[in-house]
Amino acid sequence: MLLATFVVTVPLLYPVLQQYGVDPIWFGVILVLFIEMGQISPPIGINLFVIQSIWNGKLSDVVTGTIPFHLIMFVLLGLLVLFPDIAMWLPGRVAAGP
């Protein structure tokens with residue numbers, strides 16, 4: 001699911017992002033975070049249905065259980081927007097070498 005979303009999204013947005021000078025690695029991190037949020041968000045959240053089918057509980061209980069994860073991801077998104085160097089630290093270390 002993640003790969004399919006990337007294949008559809010990146011070719012459409014990448015040329016626009018290049019014109020605005022958005023770093024592609026930062027965009028990739030943000031995109032993965034948004035896709036992961038989508039997979040645990042109703043009504044289409046596929047991971048919700050998988051967990052509900054394994055657990056044999058109510059879907060509303062599963063959705064309620066994802067609230068802390070949504071809050072954490074929203075905080076992380078805010079930090080990544082305010083401080084993009086968080087997403088760029090590790091790639092910068094790898095590019096610099098030992």
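Up top is the structure these notes are about.
Draft legend 1. Expanded view of the overall build of the protein chain. Across its full length, the protein chain carries six helices and zero strands. Mapped from its N terminus to its C terminus, the protein chain presents α and β elements in the order α-α-α-α-α-α. The C-alpha radius of gyration computed for the protein chain amounts to 16 Å, which surpasses the reference 13 Å derived for 98 residues by more than 25%, pointing to a less compact arrangement than a globule. The principal-axis extent of the C-alpha atoms belonging to the protein chain is close to 50 × 30 × 25 Å. Residues counted as buried form 22% of the 98 residues belonging to the protein chain. Of the contacts formed within the protein chain by residues at least 6 apart in sequence, a portion of 52% connects residues at least 24 apart.

Draft legend 2. Spotlight on the nonpolar core. In terms of nonpolar packing, the biggest core is built from eight residues, these being Ile-30, Leu-33, Met-37, Ile-40, Met-73, Leu-77, Leu-80 and Ala-87. Setting aside its immediate chain neighbours within four residues, Met-73 contacts Leu-33, Met-37 and Ile-40.

Draft legend 3. Spotlight on the packing of helix α2 (residues 24-39) against helix α6 (residues 85-96). Packing of α2 against α6 brings their axes to within 9 Å, and their N-to-C directions diverge by 120 degrees. Put simply, α2 runs oblique to α6. Between α2 and α6 lies a crossing of right-handed hand. Of α6, the residues touching α2 (which contributes Ile-25, Trp-26 and Val-29) are Ala-87, Met-88 and Pro-91. Its residues placed into classes, the contact of α2 with α6 shows six nonpolar, no polar and no charged.

What counts and what doesn't
Residues numbered from 1 in each chain as written. Predicted model: local features only at pLDDT ≥ 70, side-chain atom pairs only at ≥ 80, totals over all residues. Heavy atoms only, no water. Helix = DSSP H or I, 4+ residues; strand = E, 2+ residues; numbered from the N terminus. Rg over C-alpha atoms; globule rule 2.2 N^0.38 Å. Buried < 20%, exposed > 50% of the residue type's maximum accessible area, 1.4 Å probe, protein only. Contact = heavy atoms within 4.5 Å. Core = buried A, V, L, I, M, F, W, Y, C linked by side-chain atoms within 4.5 Å. Axes fitted to C-alpha atoms, helices over the stretch in contact; angles between N-to-C directions. Parallel < 35°, antiparallel > 145°, perpendicular 65-115°, else oblique. Left-handed = near helix turned anticlockwise from the far one by under 90°. Nonpolar A, V, L, I, M, F, W, Y, C, P; charged D, E, K, R; others polar.

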